[in-house]
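Observations on the three-dimensional arrangement
These are the residues of each chain, in order.
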Amino acid sequence: MKINSLNLKQIIKAYTPSLIHKRISDITLVNSRLFLFTLKNEKQKLVVDLDNTKPHIGLLDTSYDELSLPSEFVARAMMNGRPLINDITQMNNDRVIRITTVATDAYYHQNRYYLYLELIPAHANMILTDQDNRIIVAFYETSPLNPRPLIKNGIYTLPTKKNEENTPIDFSLTTYSKYVEAAFYESLNKRKKELYGQYLKKYAKRVRALEKKISAIHDAKKKAEERLSDKERGELLLMNANEIKPGATSFQSIKLNPSKNAIQNANDYFAKYKKAKRTLVNTEEILKSVEEELDTARFYCDVFTYASEEEIRTLLKPVNKSAKQNTPAYLPYYIDYQNIRYYFGENALENDYLTFKMFKNSSHATWLHLKDQPSAHLIINSENPSNQVLDLAASILLVISRLSSGEIMYAHRRDLTRDNALAKVNVHHYQSINLRKINPLALELLKKKKRYHAE
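Definitions and limits used
- Residues numbered from 1 in each chain as written.
- Predicted model: local features only at pLDDT ≥ 70, side-chain atom pairs only at ≥ 80, totals over all residues.
- Heavy atoms only, no water.
- Pairing = 2+ DSSP bridges.
- Helix = DSSP H or I, 4+ residues; strand = E, 2+ residues; numbered from the N terminus.
- Axes fitted to C-alpha atoms, helices over the stretch in contact; angles between N-to-C directions.
- Contact = heavy atoms within 4.5 Å.
- Core = buried A, V, L, I, M, F, W, Y, C linked by side-chain atoms within 4.5 Å.
- Buried < 20%, exposed > 50% of the residue type's maximum accessible area, 1.4 Å probe, protein only.
- Expected span 1.5 Å × (residues − 1).
- Bend = angle between axes of the 7 residues up to and from the residue.
- Polar contact = N/O pair within 3.5 Å; in protein donor to acceptor, adjacent residues only side chain to side chain.
- Parallel < 35°, antiparallel > 145°, perpendicular 65-115°, else oblique.
- Left-handed = near helix turned anticlockwise from the far one by under 90°.
- Nonpolar A, V, L, I, M, F, W, Y, C, P; charged D, E, K, R; others polar.
- Phe/Tyr/Trp six-rings, centres within 6.5 Å; stacked < 30°, edge-to-face > 60°.

Attention now moves to the sheet that holds strand S5 (residues 84-90). By way of backbone hydrogen bonds, the strands of a sheet pair with one another, either parallel or antiparallel. With antiparallel pairing, five strands are arranged side by side in an open sheet as S5-S6-S7-S8-S9. Looking along the sheet, the strands with just one partner apiece sit at the ends: S5 and strand S9 (135-138). Direction aside, neighbouring strands of the sheet carry axes that sit 20° apart on average. Across nine bridges, the pairing between strand S6 (residues 96-104) and strand S7 (residues 110-118) is antiparallel. In the strand pairing of S7, Ile99 is matched with Leu115. Against the sheet, helix H1 (residues 5-19) makes contact with S5 and S6, and its axis sits at roughly 160° relative to S5, the strand it touches most.

Following this line, the structure appears as structure tokens:
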């Protein structure tokens, strides 16, 4: 959503009451061109997006609290503590905002600083200066030979205003706020790509390689199946060896090597048959192994596409640093009781792995989840669990969700499909249980939970 200078005047007027006399407690460089200013004791945060085509500012209700990407600008802007905003001005009736701040240094001197936001398409920038307009840091520095140099210790000058149509067209603050929010969450995806895109590329490449390998295995398997009839051909040649003349090239549509006699040709067909049988046995084992690896690679692709930064960090962080072999962070837990195993996850990674990888092909397994609210996934590998088993499973689910009662839905695994998000499920058919009281046994069993890798 593009804005002109008159639009910007409306935006500043609307935002000033929420920003004036507020202290900046933190600045986060979210991705390569988006900043988030956290205001002390305020729910709303100031967004400054230096997008090349649609630079903008906005106020956003967000709990986003990730670490800043390395940035000299952030370091310089916060080096004198937490600046207080005491003025916001549109400069030269242009798409340039000057935010005046005051910060107290180590000697308790109050110093004034100017933060210039140049929201000009193709030339968006953010510059911090001292009270004499001497540049402390510019996010995008220019060459000293530039007609308008933006360099450290240089004097800041306003950009030359270009002629533009100053009539707001179809502009409303409500629409603009929705745009700011949508652009922000799109930027979060960009940040995730900048941070973890290498992992997604790695696993996407692995998926393509494994799919190609599986296709080759199926081709080899098909060819091997076609060679199983070579046993019959060999037997037919042996039975009619006396009728086959030396140098013959075929017998009853069976191709022969003219340099070999009937028995030698028969042995060649027997050898091809045995090789085909070995191939079929080997391909089944190899295919199973490769398909499992492909499922894991696809799981990682989904994680790096849909998971939050926190979930991705959980995945990349080993569960047990002292173990000789690190335990993958996505493996779910289980509890055994009276020959029934209850599997469950405690976060989106574990839930997704449990439901869409471990039990991907278990159509008759029973899946449980809190109705109409987020919760763990719990799976029992039984198509028709008894009421006692369902009661215990529902109790385990409530304890994990820190609830004492609630409605739990349960469905067969075959009635689930994966939505376009990590661990998000479309349930096509289910039944429900209203549990008013937790089975105390669930509390005791959860003390003995184990990770799936312990098998």
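Further remarks concern the side chain of Ser187. As for its position among the elements, Ser187 is in helix H3 (residues 173-226). Ignoring any residue separated from it by four or fewer positions in sequence, one finds Ser187 in contact with Asn31, Arg33, Leu34 and Asp49.

Right, let's talk about the nonpolar core for a bit. Grouped together as the largest cluster of nonpolar side chains are 41 residues, with contacts concentrated most on Phe35 and Met126. Ranked by residues supplied to this core, first place goes to H1 with five residues. Dropping the residues within four chain positions of it, Met126 is found in contact with Phe35, Phe37, Val48, Leu50, Phe73, Leu115, Tyr116, Leu117, Val137, Ala138 and Phe139.

What follows is about H1. Along its 15 residues, H1 runs 20 Å from first to last C-alpha, staying within 8% of the 21 Å computed at 1.5 Å per residue. At Lys13, H1 shows its maximal bend, which comes to roughly 25°, and the proline Pro17 appears one to four places after that position. Those residues of H1 that fall on the buried side of the exposure criterion are Ser5, Asn7, Leu8, Ile11, Ile12, Tyr15 and Leu19. Contact partners of the buried residues in H1: strand S2 (34-39), strand S3 (44-49), strand S4 (56-61), S5, S6 and H3. N-capping of H1 is provided by Asn4, with a side-chain oxygen placed 3.1 Å from the backbone N of Leu6. Count one or two residues on from H1 and you reach His21, which has phi positive near 60°.

In this section: the packing of H3 against helix H6 (residues 309-316). When two helices pack together, their arrangement is captured by the angle between the axes and the distance separating the axes. Contact pair H3 / H6: the axes reach a minimum separation of 11 Å and the direction vectors enclose 25°. The orientation of H3 relative to H6 falls into the category roughly parallel. By crossing handedness, the relation of H3 to H6 is classed as left-handed. Between H3, through Arg191, Lys192, Leu195, Tyr196 and Tyr199, and H6, the contact on the second element is made entirely by Glu309, Ile312, Arg313 and Leu316. Taken together, the residues of the contact of H3 with H6 sort by class into five nonpolar, no polar and four charged.

Look at any regular strand and the pattern is simple: side chains alternate between the two faces of the sheet. Within strand S16 (residues 406-412), six of the seven residues are buried, which leaves it mostly tucked inside the rest of the structure. In terms of strand pairing, strand S14 (residues 366-370) meets S16 through five bridges, oriented antiparallel. Each residue of the ladder has a partner; that of Leu370, found in S16, is Ile408. Strand direction decides the pairing type here: S16 and strand S19 (residues 431-435), joined by five bridges, are antiparallel. From the neighbouring strand, Gly406 faces S19, where its bridge partner is Leu435.

With that settled, consider the packing of aromatic side chains. Aromatic ring pairs are reported here in terms of the distance separating the ring centres and the angle at which the planes meet. Taken as a whole, this structure holds 23 aromatic pairs when the rule is applied. Residues Tyr199 and Phe304 carry aromatic rings whose centres are separated by 5.2 Å and whose planes lie at 10° to one another, so their mutual orientation is stacked. Of this pair, Tyr199 sits in helix H3 while Phe304 is found in helix H5 (residues 262-306), placing the two residues 105 residues apart along the sequence. On the basis of relative accessible area, Tyr199 is assigned to the partly exposed category, the value being 27%. Ring geometry for Tyr334 versus Tyr343: centroids 6.2 Å apart, planes at 50°, classification tilted. In terms of burial, Tyr334 and Tyr343 fall into one category: buried. Grouped by ring-pair contacts, the aromatic residues Tyr196, Tyr199, Tyr203, Phe299, Tyr300, Phe304, Tyr330 and Tyr353 constitute a single cluster.

From the geometry alone we can't say anything about function, so treat these as descriptive.
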